[in-house]
Amino acid sequence: SFWLLSTCVLYQIAERRPNCLSFLTAVLGVTLSFSIVAVVPYDVWYALNSQYGDSHEGTRADEEENQTHAVLRRSWAAIYWTTTVLCYLLCPVLTEFEASGDFTTGARLRTSLRRNVIYYVVYIVVSAALLIWLIVSGEVTGSLESWCIAASNAWGLLVLTVLMGFGLVGVPRHLWRLADPKEQLRRLYVSAVTKDELRLSRLFELQDAIDQVRGEFQMPVSWDDDSITPALRYTKQQAFKTLQQTLERCQLIHRELTHGRRHVELPPLSNTATSSAGGTPSQAERGGAASSGVAAGDDAADAARVECLPSRRSFTVSSSVSGRGGPAARLRRLAALHTTLKVAALEARRSVSRWDSHVQRCMFFEDLEGQHFKAAAELLSVRPSSGLFSGCCAHARSLCCHCWRRCLGFWLRTLRARALRLLSYCCGLLSAVIVLGQLTMFRERREYSMSVLAYVFREDRGPWATQALCVIPLTYMTYTAYFSIFRLRVPGWYGLYGNHNTDMGSLLWCSSTLARLAAPLCYHFLLLIRVRGTTFQQFMGKMNVVPVLGESFNDFFPMIIVLLCVFNLLNIYSRIVRCLTLGTIDFEIATGGGGEDPLAEGRQLIERERRRRAEESSLELPARERLAIPLAAPAG
């Protein structure tokens, strides 16, 4: 069931026609992460039932209990090591494979391995230095398996401490602010200026990358040189063919992102390559400059702003491959240009997707503030396709959509604000319970523990009640951690974007991150509720013999969460994170642009977008689903 649910969700956000291996790997990572979280409540009940439940007599009952214990133990080992191989080997290789600009499968794989070897060498050197230091000090204990578990858990716990320090305060605060449309609009208007500037900057960079590739196509190509082997000639032809396909797709993407309010017929992806593999620009490539420079009304204003905006990042190919050189040097230059073009197109699609989502939120809260609940319900409703109401069930479908909109209107008018504030109180109470438990994790005696969760799980309350009591705090802890992940703003990192705008690199990174954090999060939860004897603790407990990173690290280090929560309450947490990371990492907050009045400027931007979308709706233009164009054909 987790596999099917993960597949359906990821398919809705992944780019169309994804790499099958990369997509299945991402689905497996998400499935494993939620499988770990889902099995822990049963493991908790099984341990409590073994300790406090009715004693089982008879050889058959003992055999069944031992068999269940063995199955759980083998399951945890299989899930954990599969997750480890997936996160530390397969996902990094596939992520770099997707980002590579080479033109054959073998070349892309070699580039991916070469980039990952650098990180693996760093890991090995650091581990070897630590091992030598421990050998000299005479503190080497435990097996290789114990050290691997301890290192992975320490990394996960470090990340979880930072994330939960933000999420335990951020989730209740976020829910409370959602209930106030006026406050939300103020923050959204201010951040709209920054998001719009970023969108225009990324479009400028994409146009710059397209111009560089056009210039490369204008350089003379010689296919009759005797020094070129047949294999190299074939590779060079494939390189020009693939680069031309990517160029045509990127031109269409740029045209749609800049003037996406118009209808542009997109050719089938299988027909984008020209019949000649010789690198001569196609008709779409030759006409791209003219078509991408035509705009009217608000589109012309956007185009002018893109042209005038200075580039924030250089997309020029490095000097080592910028010269003409021989055939091999030109292949390297083509690969570098291909990588540049793919990165520029991905960044442009991400920035426009974030901008569209931001505009949608602003329009929704404007309707709420103006008490236009019907319009707000229309924004939340899924708009049917043109052929939805055809056929014998047209009346039933229309009636269902009408009832759904009426229910949404009632929710927005009467229940939404009250429900969000009530949920904010409940989440704040859960956060307080978790933070209090962090303060006494190092105490061995449960009688004087400040952890409310420890008292809840002092006895077996039956299979359903025990698992339900376990699911609530564990789910909340998981949500606070993952809530913080998707609030991070890290330049060049990945994210999830709707409407089939999430590239496979982003999908692999997100699934890998979720899977890496699942096991440390569940082990920390078991220490927090002080339930002993679970099979997951027995498996993870192998790291307790490891010095520094073992039992003491798990007991004392999470107490830092309390300090981070205090910083977050005082609104200095994000400032500290920016200082410690030299401004490269920040949690998403509303920041204004360079204008004198970013609030008024942001309001004008949203008003312009609302007018533009109203014109689109009146002209019955197609939705922006056509933006989801894969950036590269299958290599090879």
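Rules used throughout
Residues numbered from 1 in each chain as written. Predicted model: local features only at pLDDT ≥ 70, side-chain atom pairs only at ≥ 80, totals over all residues. Heavy atoms only, no water. Helix = DSSP H or I, 4+ residues; strand = E, 2+ residues; numbered from the N terminus. Buried < 20%, exposed > 50% of the residue type's maximum accessible area, 1.4 Å probe, protein only. Contact = heavy atoms within 4.5 Å. Phe/Tyr/Trp six-rings, centres within 6.5 Å; stacked < 30°, edge-to-face > 60°. Expected span 1.5 Å × (residues − 1). Bend = angle between axes of the 7 residues up to and from the residue. Polar contact = N/O pair within 3.5 Å; in protein donor to acceptor, adjacent residues only side chain to side chain. Axes fitted to C-alpha atoms, helices over the stretch in contact; angles between N-to-C directions. Parallel < 35°, antiparallel > 145°, perpendicular 65-115°, else oblique. pLDDT = per-residue confidence, 0-100. Patch = residues over 30% accessible without salt bridge, like charges linked within 9 Å, V, L, I, M, F, W, Y side chains within 5 Å. Areas by Shrake-Rupley, 256 points an atom, 1.4 Å probe, with all protein chains shown as cover. Salt bridge = Lys/Arg side-chain N within 4 Å of Asp/Glu carboxyl O. Left-handed = near helix turned anticlockwise from the far one by under 90°. Nonpolar A, V, L, I, M, F, W, Y, C, P; charged D, E, K, R; others polar.

With that settled, the discussion passes to the overall build of the protein chain. Per the secondary structure count, the protein chain includes 21 helices and two strands. When burial is assessed residue by residue, the protein chain has 46% of its 636 residues classed as buried. Of the contacts formed within the protein chain by residues at least 6 apart in sequence, a portion of 82% connects residues at least 24 apart.

Glancing now at the packing of aromatic side chains. In this description, an aromatic ring pair is defined by two values, namely the gap between the centres and the angle between the planes. Inspection of every chain in the model, using the stated rule, returns 12 aromatic pairs. Ring geometry for Phe34 versus Tyr482: centroids 6.4 Å apart, planes at 80°, classification edge-to-face. Placement of the pair is Phe34 in helix H2 (residues 20-52) and Tyr482 in helix H15 (residues 463-485), with a sequence separation of 448 residues. Here Phe34 falls in the partly exposed class, since its relative accessible area comes to 33%. A ring pair is formed by Trp176 and Tyr425, whose centres lie 5.6 Å apart and whose planes are at 70°; its orientation type is edge-to-face. Here Tyr425 lies in helix H13 (residues 394-439) and Trp176 lies in helix H5 (residues 144-178), a separation of 249 residues in the sequence. By relative accessible area, which is 56% here, Tyr425 ends up exposed.

When the terminal C-alpha atoms of helix H16 (residues 504-529) are compared, their 37 Å separation across 26 residues agrees well with the 38 Å that a helix rising 1.5 Å per residue should span. Of all the bends found along H16, the most pronounced is centred on Ala518 and spans about 30°, while Pro520, a proline, follows it within four residues. Regarding H16, its N-cap is Asp503, as a side-chain oxygen of that residue lies 3.2 Å from the backbone nitrogen of Gly505 further along. Immediately beyond the C-terminal end of H16, within one or two residues, lies Arg530, with a positive phi of roughly 60°.

All right, on to H5 then. When the terminal C-alpha atoms of H5 are compared, their 48 Å separation across 35 residues agrees well with the 51 Å that a helix rising 1.5 Å per residue should span. At Gly170, H5 shows its largest kink, close to 35°, and the proline Pro172 lies no more than four residues downstream.

A word on the packing of H5 against H15. Remark: H5 packs on H15, axes separated minimally by 7 Å, with the N-to-C direction vectors making an angle of 100°. In terms of orientation, H5 and H15 fall into the roughly perpendicular class. For the pair H5 and H15, contact is made by Leu160, Leu163, Met164, Phe166, Gly167, Leu168, Gly170, Val171, Pro172 and His174 and by Tyr476, Met477, Tyr479, Thr480, Ala481, Phe483, Ser484 and Ile485, respectively.

One rule of thumb: low pLDDT means the predicted coordinates there are not for detailed reading. Averaged over every residue, the pLDDT of the protein chain is 76; residues scoring 70 or more account for 74%. Confidence drops under pLDDT 50 across residues 261-297; counting only partners more than four residues distant or on other chains, this segment forms 72 contacts.

All right, on to the environment of Ile149 then. You can see Ile149 is positioned in helix H5. Classification of Ile149 by relative accessible area gives buried; the value is 0%. Beyond its immediate chain neighbours, meaning those up to four positions away, Ile149 contacts Tyr80, Trp81, Phe539, Met540, Lys542 and Met543.

Looking now at a nonpolar patch on the surface. Judged by side-chain polarity, Ile118, Tyr119, Val122, Tyr123 and Val126 come together as a nonpolar surface patch covering roughly 540 Å² of accessible area. Here Tyr123 lies in helix H4 (residues 105-137).

Turning to the side chain of Thr480, a few remarks are in order. Mapped onto the fold, Thr480 is located in helix H15. You can call Thr480 buried: its relative accessible area is 0%. Apart from the residues within four sequence positions on either side, Thr480 is in contact with Leu163, Met164, Gly167, Leu168 and Val171.

Located in the positive-phi region is Arg17, a residue other than glycine, with phi close to 55°. Along the chain, Arg17 falls in the loop between helix H1 (2-13) and H2. For Arg17, a relative accessible area of 64% corresponds to the exposed category. The phi dihedral of Arg530 is positive, around 60°, even though this residue is not glycine. In this fold, Arg530 is placed in the loop between H16 and helix H17 (535-540). Residue Arg530 is classed as buried on the basis of its relative accessible area of 2%.

All chains considered together, the criterion is met by 15 salt bridges. Lys542 is paired through a salt bridge with Glu145; the nearest N and O atoms lie 3.2 Å apart. Residue Lys542 is located in the loop between H17 and helix H18 (551-556), and its partner Glu145 is located in helix H5; the two are separated by 397 residues in the primary sequence. Overall, Lys542 belongs to the partly exposed group, its relative accessible area being 34%.

Two elements in contact, helix H6 (residues 181-217) and helix H7 (residues 230-258), have axes separated by 10 Å at closest approach and are oriented at 150°. When the axes of H6 and H7 are compared, the crossing they make is left-handed. Counting all contacts with H6, which are made through Leu203, Leu206, Gln207, Ile210, Val213, Arg214 and Phe217, the residues of H7 involved are Phe240, Leu243, Gln244, Leu247, Cys250, Gln251, His254, Leu257 and Thr258. Residues of the contact of H6 with H7, tallied by class, amount to 10 nonpolar, five polar and one charged.

On to the side chain of Thr161. Turning to its location among the elements, Thr161 is positioned in helix H5. Apart from the residues lying within four places of it in its own chain, the contact partners of Thr161 are Phe557, Ile560, Ile561 and Leu564.

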